[in-house]
Amino acid sequence: MIKVAIMGYGTIGSGVYEVLDTNREILAKAAGQELEVKYILDLRDFPGSLVEHKVVHDFNVILQDEEVKIVVETMGGLEPACSFVKSCLEAGKHVATSNKALVAAHGTELLSIAREKQVNFLFEASVGGGIPIIRPLYRCLTGEKIEEITGILNGTTNFILTKMDKEGASFERSLREAQALGYAERNPEADVEGHDTCRKIAILTAMVTGREVNYEEIPTEGITKITDTDFKYADALGTSIKLVGSSRMEGGRVHAWVAPLMIGKDHPLYAVSDVYNGILVKGNMVGTTMYYGSGAGKLPTASAVAADIVEAAKHMNSNIPIGWSCEKLAIAPGDDMVYRYFVRVSGNFEDRRDMVEAAFGKCRVAELEGLDEFAFLTGGMKQSRFMENMEILKVELNAEYQKVLQVIRAE
């Protein structure tokens, strides 16, 4: 029997306990022996609950108990989570975490300690919730040269954008509903400003390149400037708008970014709606594969943690060669990345046709009844060229009442 400790008994931590209890026999068969939670570290006592007798308040109880071989970190945040995880690894205990902030900020150091101590630092649940993505990258796709990873990696923002798309709701109203349903935090900044997605694409990029990625170097835009009017144009153009994290490996360079992206109905991510996530992985031999499912939530995330516990149980005396090295990966500037661009401009298109075509040539144009504005979709061009052409357009407009209202990348 393998003794397990859970640090943090919130939504995910309690979910891990529930999965280990409910699927006890299945997990024991997969692990080769029974798994038993010996301790739960939390500030609270949970009187009258099934776990009351397992609760401890002192981390050292877990650290110093040699019976505890696997520790689950579901505390969230960087401290004390990082210090606790580091101490566990140095003490020869395996660690499984769902904490993407921890993995993105300190994964390099923690992976290095795990290798040195011949234990494992596992983090399947840190990206995509219950969607298997980390393990497929280091097992199923190990013989591939990964050329691209693009995904909808945040269920909260996808829920908000889906409400705006399907119901014509405003961003503010959709956010309030997400908060009421428990999908968004009271302070939703990490989600709506794209920081959560940024950390996840940084982790995935590090996985496929084998080098450390500083998530703070990845250009990141959120969804707070997206409006219901943008979705009306998107519908007229047969597209939708998703918050996407993308990493593309071309010619020895790696481009990574997070931003709203306008995609057509033929794109595999078009149908990924509500709180679901979808991740595309393109290999040089296998082509494009897609991973879809619940990207967050108590039991889906806990299920991924439980899988990591089993993985650790099957490698109690060896380190699984996953993750990345201490070598730093440079994120290439995005100037030479090619996209189309959706642009909204105030005024009447016929009056400004020459201005638009002088800057961008022939474009696909959409107008909405009752609005003194129009939108156009450019052809594919490098970001640097687009910015130059936008300056030409702004000079052509040359009037305060004539202005650019919105710009969104498009596939």
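Refer to the preceding data block for the structure.
For clarity, every value in this text was computed on a predicted model and none was experimentally measured. (Residues numbered from 1 in each chain as written. Predicted model: local features only at pLDDT ≥ 70, side-chain atom pairs only at ≥ 80, totals over all residues. Heavy atoms only, no water.)

1. Topic: the overall build of the protein chain
When you go through the protein chain residue by residue, the secondary structure sums to 14 helices and 16 strands. Here the C-alpha atoms of the protein chain give a radius of gyration of 24 Å, agreeing with the 22 Å that 2.2 N^0.38 yields for 411 residues. Here the protein chain holds 411 residues, and the buried ones make up 55% of them. Restricting to contacts in the protein chain with at least 6 residues of sequence separation, those with at least 24 account for 73%. Summing over all exposed atoms, the protein chain offers an accessible surface of approximately 18,100 Å²; the carbon and sulfur share of this is 47%. (Helix = DSSP H or I, 4+ residues; strand = E, 2+ residues; numbered from the N terminus. Rg over C-alpha atoms; globule rule 2.2 N^0.38 Å. Buried < 20%, exposed > 50% of the residue type's maximum accessible area, 1.4 Å probe, protein only. Contact = heavy atoms within 4.5 Å. Areas by Shrake-Rupley, 256 points an atom, 1.4 Å probe, with all protein chains shown as cover.)

2. Here we look at the nonpolar core
A general feature of soluble globular proteins is that nonpolar side chains tend to end up buried together. Of all hydrophobic cores here, the largest spans 112 residues; its most connected members are Phe121, Phe123 and Leu204. Broken down by element, the residue count for this core peaks at eight residues, all from helix α12 (residues 298–313). Excluding anything up to four places from it in sequence, Leu204 contacts Val127, Ile133, Ile134, Leu137, Ile149, Leu153 and Ile279. Core analysis: the second largest hydrophobic core is formed by 28 residues, Val244, Trp257, Val272 and Val345 among them. (Core = buried A, V, L, I, M, F, W, Y, C linked by side-chain atoms within 4.5 Å.)

3. A look at helix α13 (residues 349–360)
The end-to-end C-alpha separation of α13 is 14 Å, well short of the 16 Å expected for twelve residues at 1.5 Å each. Taken together, the buried positions of α13 are occupied by Phe349, Arg352, Met355, Val356, Ala359 and Phe360. All buried residues of α13 lie within an arc of 120 degrees about the axis, which places them on one face of the element. Residues Asp354 and Ala358 are exposed on α13 and point more than 90 degrees away from its buried face. Against the buried residues of α13 lie β12 (338–346), β13 (364–366), β14 (373–377), β15 (381–382) and α14 (383–397). (Expected span 1.5 Å × (residues − 1). Arc of directions from axis to C-beta.)

4. Let's talk about the pairing of strand β11 (residues 287–294)
The sheet contact formed by strand β10 (residues 276–283) and β11 spans eight bridges and is antiparallel. Within β11, the position partnered with Tyr276 by the bridge is Ser294. The hairpin formed by β10 and β11 contains three residues between the paired strands. (Pairing = 2+ DSSP bridges.)

5. Considering unusual backbone geometry
Following Glu79, the chain continues into Pro80 via a peptide bond in cis, with omega recorded as 10 degrees. Looking at the secondary structure, you find Pro80 in the loop between β4 (68–73) and α4 (81–90). Of note, Phe46 is a non-glycine position whose phi angle comes to about 55 degrees, a positive value. Tracing the backbone through its elements, the reader meets Phe46 in the loop between β2 (35–41) and β3 (55–56). Unusually for a residue other than glycine, Asp274 sits at a positive phi of about 55 degrees. Within the secondary structure layout, Asp274 lies in the loop between β9 (253–264) and β10. The class of Asp274 is partly exposed, set by a relative accessible area of 33%.

6. Structural notes on the pairing of strand β16 (residues 404–410)
Looking down a regular strand, the side chains alternate between one sheet face and the other. One ladder, built from two bridges, connects β9 with β16; its direction is parallel. From the neighbouring strand, Met262 faces β16, where its bridge partner is Ala410. Of the pairings in the sheet, the one linking β12 to β16 comprises six bridges and is antiparallel in character. Within the sheet, the bridge partner assigned to Arg344 lies in β16 and is Gln406.

These figures capture arrangement, not role.
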